[in-house]
Amino acid sequence: MSTATHTRQAPEDDLALVPAKPRIGDKVFTGLSTGAGIAIFVILAAVALFLIAQAFPALTSTPEMLQSRGYGPFWSWVAPFAFGTVYSAFWALVFAVPVAIGIALFISHYAPRRLASGLGYVIDLLAAVPSVVYGLWGANTFAAALQPLHAWLATYLGWFPLFTPPASGTGRSMLTTSLVLAVMILPIITSLCREVFLQTPKLHEEAALALGATRWEMICMAVFPFARAGIVSAVMLGLGRALGETMAVAMVLSGAGVIKFDIIGQQNPNTIAATIALNFPDASGLRINQLIAGGLILFVITLAVNMLARWIVRRRAAFSGAN
Amino acid sequence: MSKRIEAKNLDIFYGDFKAVEGVSMIIEPRAVTAFIGPSGCGKSTFLRSLNRMHEVIPGASVKGELLLDGEDLYAPAVDPVNVRRQIGMVFQRPNPFPTMSIKENVLAGLKLNNKRISAAEADEVAEEALRGANLWEEVKNRLDLPGSGLSGGQQQRLCIARAIAMRPSVLLMDEPCSALDPISTLAIEDLIGTLKNDYTIVIVTHNMQQAARVSDTTAFFNIAGTGQPGHLIEMDDTKTIFTTPNEKATEDYITGRFG
C-alpha cells in the first residue's frame, strides 16, 4: 500500500514516465541471431539454385544429344548411382546404429563414470579422423583383411542373394565400403544418443525401477521411449553423412554404373558423390552439367530422407513427453 | 496381501557416508504409518531402503535387518527387482510414462512380470486399479490418450493405480502431495484412507497436518547436524505424537519451533 501512495506522490517514479533505455546488447544480439537464421535460408537457396541452374542443360538435353557424346540418357545414367548411394548408406546404418546405441547406452547407463568419460572421448576422436585417412585405411588395409570373409561368404552362403559368388578378389566391395562408412558415422550417432540417454528424467527411470523393472527393462520402458525422437535425429545425421561421404567411398569402393544387391561382388553400384569426385577432374561441357545434375539428385534424396525423419518423429508427438 | 515390516537396527550408507543410523521399528499392516522430520533427516532415505530403491544410487548399502513378514529383504539371495515388485512406490512428483497411454501406464508393471494376460483381463485389471485409485470415472473415456495430458493430481492417482495394479503388499509414498494443489491433495488423502483397508501404507510427508490427518502411527526422524546420520527419535500413535510426545525434540518440531 505504502508503495502505491508513494508512486502517486512522486510521478517521476512512475514506470510509464521513465523513457525506456535502448539496450544495445539486446539489439546487437537480436540482429546477429536473426542474421544467422536468415543466412541458413540464403545459403540453402543459393545451393539449390546453383544445382538447378547448372543441372538444367543435362536434364533438358535429348537422349540423342547425350548419346552422341557417349554418355547415355541422364536418368539411366544416374539411377545406378542413386541406388548405390542409398544402398551403401543403408548398410552403413544397419551396421552402425545397433553398435552406436549399444555404446551410448554403455556410456550412459552401464559403465563406471571414469570409464564412461574416457570412452566418450575416444568415440569423439573417431569423428576427428579425416575421411581421406579412412579411405586409405579402407582401401589398403581393411579391404585386404576382409577379403577372406568375402570368399567365405561366397563359398558357404552363396545361395543367399546378398552373397552371390564370385566374391571380390580385392575386398573393395559394397560390404567393405559400408563398414568403413559405418565406422565414420558411428561417432555422431553415438554421441548424440548418449546425450539424449543421459537426459532421461530420473523420475521416469525410478518409476520403472520401482515397478520392479530390471535395468534393461527400465531402459526399454523409460530411456528408449524418451529418447526416440533423439535417436531418429541422430540416425538421420549419420545417414546424411553416409549419403554424402565422398572421399572414403571413392577410394575404397570398386564401383561401376550397375544396380546390384550383391554386397560382396567385384562390380558394385557406385555412389553419386564418389562418381562426381572421380569424374569431375576431366569433365567438360555437358558432362559437367550431367555430374551436377547427379548432385541435384543427391540433394533431393537427402532432403526427402530428412523430411521422412521429421514426419516419423512428429507422428507420435502427443506421446513424446514434451508436454 | 498386506504385510508387516520390521527394521532391526538398520544403518543406511551412501558410500562411506552414513545417512541413517540404528533405526528399529515395526510398521503394521493395514495401517498408515507417516514419517515426519526436517529436511535431510533421512526419512526419505529410510523409506527408499524399504523397497531397496536407494540402491539406484551407486555405492548405497545397508547394515542391519529389514524383515517383510519375517523374510529378510537384504538377504544375499534376494533380488531387489522382486522386492520392488512386492513393495510399490509413489513419488514426490507424478511420473506417469509420457510415451504410454493411461491404460498402458496402469498395466506397465504387469507387463514386466511377463504375465500373458488376455485383452479382456487387462481391461479388467486396469479398471480395477483405476477404480481403486479413484480415477476411473475421470478417465474411462480416454484410456488410450497419453497419461501426461492429465492434471497433476490425476497423474498422481494414475501413478497410484499403476502401483496397486501390481497388488503389492506394501505401498510407499514419498511426499505424494507436495507437488499438488489443495483439492488434489484432499483427493489423495481420501484415497489413502481407503487404500489402508488393503495395504500397508508408509508415507513420508513434510506436512504435519497431513500426517495428523491420514496416519495411524507417526515416526519422527531428526539429525544432530549436517553431515550427521539421521535417527529415529520416536514413534507412536499419531494422536500421542501430536499431543503428548515423549521427546523434547518431537514436541519442538510439531509445535513449529524448528524444521
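Computed from a predicted model, the values in this text were never measured in an experiment.

**Some details on the overall build of chain A**
Helices and strands together make up the secondary structure of chain A, namely twelve helices and two strands. Across chain A, the fraction of contacts at a sequence separation of at least 24, relative to all contacts at a separation of at least 6, is 78%.

**Remarks on the packing of helix 6 (residues 152-164) of chain B against helix 7 (residues 182-195) of chain B**
Residues and elements named next belong to chain B. Interaxial distance between helix 6 and helix 7 falls to 9 Å at its minimum, and their mutual angle equals 20°. In terms of orientation, helix 6 lies roughly parallel with respect to helix 7. Here helix 6 and helix 7 pass one another in a crossing that is right-handed. When helix 6 is examined against helix 7, the residues Gly152, Gly153, Gln156, Arg157 and Ile160 are found in contact with a partner set consisting of Ser184, Ala187, Ile188 and Leu191. Counted by class, the contact of helix 6 with helix 7 contains four nonpolar, four polar and one charged residues.

**Quick notes on unusual backbone geometry**
The linkage connecting proline 165 of chain A with the following residue, proline 166 of chain A, adopts the cis geometry, with an omega of 0°. Of note, proline 166 of chain A is situated in the loop between helix 6 (131-156) and helix 7 (174-198). One non-glycine residue, arginine 167 of chain B, lies in positive phi territory at about 50°. The class of arginine 167 of chain B is partly exposed, set by 18 C-beta atoms lying within 10 Å. Located in the positive-phi region is glutamate 175 of chain B, a residue other than glycine, with phi close to 45°. Take glutamate 175 of chain B: it is sitting in the loop between strand 7 (170-174) and helix 7.

**Observations concerning the UniProt feature "domain: ABC transmembrane type-1" (unreviewed entry) in chain A**
As annotated by UniProt and renumbered to match this structure, "domain: ABC transmembrane type-1" (unreviewed entry) occupies residues 82-309 of chain A. Summarising residues 82-309 of chain A: 75% helix, 2% strand, and an end-to-end C-alpha distance of 19 Å.

**Here's the deal with the environment of valine 132 of chain A**
Residues and elements named next belong to chain A. Assignment of secondary structure puts valine 132 in helix 6. Since 13 C-beta atoms lie within 10 Å of it, valine 132 is described here as partly exposed. Note: C-alpha distance between valine 132 and arginine 23 (109 residues apart in sequence) is 48 Å.

**Re the interface of chain B and chain A**
Between chain B and chain A, the contact holds 22 residues from the first and 20 residues from the second. Those elements giving two or more residues to the side of chain B that touches chain A turn out to be helix 2 (80-86) and helix 3 (102-112) of chain B.

**Structural notes on the packing of helix 9 (residues 215-244) of chain A against helix 12 (residues 286-315) of chain A**
Residue and element names in this part refer to chain A. The contact between helix 9 and helix 12 brings their axes to 10 Å, and the two run at 170°. One finds that helix 9 runs roughly antiparallel with respect to helix 12. Contact with helix 9, carried on its side by Ala229, Val232, Ser233, Met236, Leu239, Gly240, Leu243 and Gly244, involves Leu298, Ile301, Thr302, Val305, Asn306, Ala309, Ile312 and Val313 of helix 12 and no other residues of that element. Along the lines of polarity and charge, the residues of the contact of helix 9 with helix 12 split into eleven nonpolar, five polar and no charged.

**Topic: the pairing of strand 8 (residues 200-204) of chain B**
All names here are of chain B. Where burial is concerned, most of strand 8 is hidden: five out of the five residues are buried. Taking every second residue as pointing to the same face, both faces of strand 8 are buried, with Thr200, Val202 and Val204 on one and Ile201 and Ile203 on the other. Across four bridges, the pairing between strand 3 (residues 32-36) and strand 8 is parallel. Paired with phenylalanine 35 across the bridge in strand 8 is valine 204. In the sheet, strand 7 pairs with strand 8 via five bridges, with the strands oriented parallel. If you follow leucine 171 over to strand 8, its bridge partner there is isoleucine 201. Regarding topology, helix 7 serves as the crossover connection from strand 7 to the parallel strand 8, and that connection is right-handed.

Cut-offs and rules
- In every chain, residue numbers begin from 1 and rise along the written sequence.
- All chains are assigned letters beginning at A, and all ligands numbers beginning at 1, according to the order in which they are written.
- Two thresholds apply to this predicted model, a pLDDT of at least 70 for residue-level local features and 80 or more for giving and counting side-chain atom pairs, whereas whole-chain, interface and lining totals are computed over all residues.
- Put simply, DSSP H or I for four residues or longer makes a helix, DSSP E for two residues or longer makes a strand, and each gets a number counted from the N terminus.
- Contacts are defined on C-beta atoms placed from the backbone: any two residues whose C-beta positions lie within 7 Å are in contact.
- Angles run from 0 to 180 degrees between N-to-C directions of axes, and those axes are lines fitted to C-alpha atoms, restricted for helices to the stretch in contact.
- Reported orientations rely on four angle classes, namely roughly parallel under 35 degrees, roughly antiparallel over 145, roughly perpendicular from 65 to 115, and oblique for the rest.
- Handedness of a crossing follows from how the near helix is turned relative to the far one, being left-handed for an anticlockwise turn of less than a right angle and right-handed for a clockwise one.
- In the scheme used here, Gly and all other residues not listed as nonpolar or charged are polar, with Ala, Val, Leu, Ile, Met, Phe, Trp, Tyr, Cys and Pro taken as nonpolar and Asp, Glu, Lys and Arg as charged.
- Exposed residues have 12 or fewer other C-beta atoms within 10 Å of their own C-beta, buried residues have 20 or more, and residues in between are partly exposed; the C-beta atoms are placed from the backbone.
- UniProt positions are given in the numbering used here, feature names are shortened, and annotations may be inferred rather than shown by experiment.
- At least two bridges found by DSSP between two strands is the condition for calling them paired.
- The definition of a right-handed crossover adopted here requires that, viewed with the strands pointing away, the path from the first strand over the helix to the second runs clockwise.

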